[in-house]
Amino acid sequence: MPTPLQPQARAARLEALRREYMAQIIAIAARNRGTVRVVPYMLAQTGSERRADLALIAQYATQMRWKTTQTTFADLGQPPPLDQRPGFAAACRYAAQGYAHGILAIARPALTTDNDTYARLLEHLHTRGVFLTYLPAADAAP
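Read on for an overview of the structure. Note that this is a predicted model, so its numbers are computed, not measured. (Residues numbered from 1 in each chain as written. Predicted model: local features only at pLDDT ≥ 70, side-chain atom pairs only at ≥ 80, totals over all residues. Heavy atoms only, no water.)

**Some thoughts on the overall build of the protein**
Right, on to step 1. A count of helical and extended segments in the protein gives four helices and five strands.
Right, on to step 2. Traced from its N-terminal end to its C-terminal end, the protein shows the element sequence α-β-α-β-β-α-β-α-β.
Right, on to step 3. Against the globule reference of 14 Å for 142 residues, the protein gives a C-alpha radius of gyration of 15 Å, in line with a compact fold.
Right, on to step 4. Across its three principal axes, the protein shows a C-alpha extent of roughly 50 × 40 × 30 Å.
Right, on to step 5. Across the 142 residues that make up the protein, the buried fraction comes to 39%.
Right, on to step 6. For the protein, restricting intrachain contacts to residue pairs at least 6 apart in sequence, the fraction spanning at least 24 positions comes to 75%.
Right, on to step 7. Put simply, the protein shows about 8,400 Å² of open surface, and 54% of that area lies on carbon and sulfur atoms.
Right, on to step 8. Averaged over its 16 positive side-chain charges, the protein has a centre that lies 9 Å from the centre of its 10 negative ones. (Helix = DSSP H or I, 4+ residues; strand = E, 2+ residues; numbered from the N terminus. Rg over C-alpha atoms; globule rule 2.2 N^0.38 Å. Buried < 20%, exposed > 50% of the residue type's maximum accessible area, 1.4 Å probe, protein only. Contact = heavy atoms within 4.5 Å. Areas by Shrake-Rupley, 256 points an atom, 1.4 Å probe, with all protein chains shown as cover. Lys, Arg positive; Asp, Glu negative; His and termini not counted. Charge placed at Lys NZ, Arg CZ, Asp CG, Glu CD.)

Right, dumping it as structure tokens:
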């Protein structure tokens, strides 16, 4: 019987899968439409915190030569379970309808820290031609 992956090893494999899916969708977008579009998603309180998150997302998208959609999505407060976030569900529908190639958030914990939920989310979005990404960690190598 195979030994289950330790949570850190599973998280690393899911990150590799996320990057693979993202590369596939970006390659298709580049061939078909040129500019990659991402929809910003924030898990933040209203006001200055949300504006600051949106500014960071826009800055990163510009560095990546992506365009952010004018429509943004958000949920308030501490992270409720993913299936209880109307803003995130709307961002997924919006992207899947063809308005964006990907969803760009601040960090993975703003989405979910549960590996099973994250794996299902990656598959769900990938089958709809949507990638999921977030800002690189401050301590990440360039």
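**Examining the packing of helix α1 (residues 7-32) against helix α4 (residues 115-127)**
Right, on to step 1. Remark: α1 packs on α4, axes separated minimally by 10 Å, with the N-to-C direction vectors making an angle of 10°. Taken together, the axes of α1 and α4 are roughly parallel relative to one another. The interaxial crossing formed by α1 with α4 has left-handed handedness. Residues P7, R10, A11, L14, E15, L17, R18, Y21, Q24 and I25 of α1 pack against N115, D116, Y118, A119, L122, E123 and H126 of α4.
Right, on to step 2. In the contact of α1 with α4, the residues fall into nine nonpolar, three polar and five charged. (Axes fitted to C-alpha atoms, helices over the stretch in contact; angles between N-to-C directions. Parallel < 35°, antiparallel > 145°, perpendicular 65-115°, else oblique. Left-handed = near helix turned anticlockwise from the far one by under 90°. Nonpolar A, V, L, I, M, F, W, Y, C, P; charged D, E, K, R; others polar.)

**Side note on the nonpolar core**
Right, on to step 1. One finds Y41, F88, I103 and L132 to be the most contacted residues of the largest nonpolar core, which totals 26 residues.
Right, on to step 2. Of all elements in the fold, only α1, β1 (37-43), α3 (86-99), β4 (102-105), α4 and β5 (131-134) reach the threshold of two or more residues within this core.
Right, on to step 3. Within the second largest apolar cluster, 13 residues are counted, among which are M22, A29, V38 and L104. (Core = buried A, V, L, I, M, F, W, Y, C linked by side-chain atoms within 4.5 Å.)

**What to know about unusual backbone geometry**
Right, on to step 1. Notably, R65 is not glycine yet its phi reads approximately 65°, a positive angle.
Right, on to step 2. Considering the arrangement of structural elements, one finds R65 in the loop between α2 (48-63) and β2 (67-68).
Right, on to step 3. Judged by relative accessible area, R65 falls into the exposed class, the value being 75%.

**Comments concerning the pairing of β1**
Along a regular strand, successive side chains alternate from one face of the sheet to the other.
Right, on to step 1. A large share of β1 lies buried, amounting to six of its seven residues.
Right, on to step 2. Bridge count for β1 against β2 is two bridges, and the pairing is parallel. Note that in β2 the partner of R37 across the bridge is K67.
Right, on to step 3. By the bridge criterion, three bridges tie β1 to strand β3 (residues 73-75) in an arrangement that is parallel. Bridge assignment links Y41 to a residue of β3, and that residue is F73. (Pairing = 2+ DSSP bridges.)

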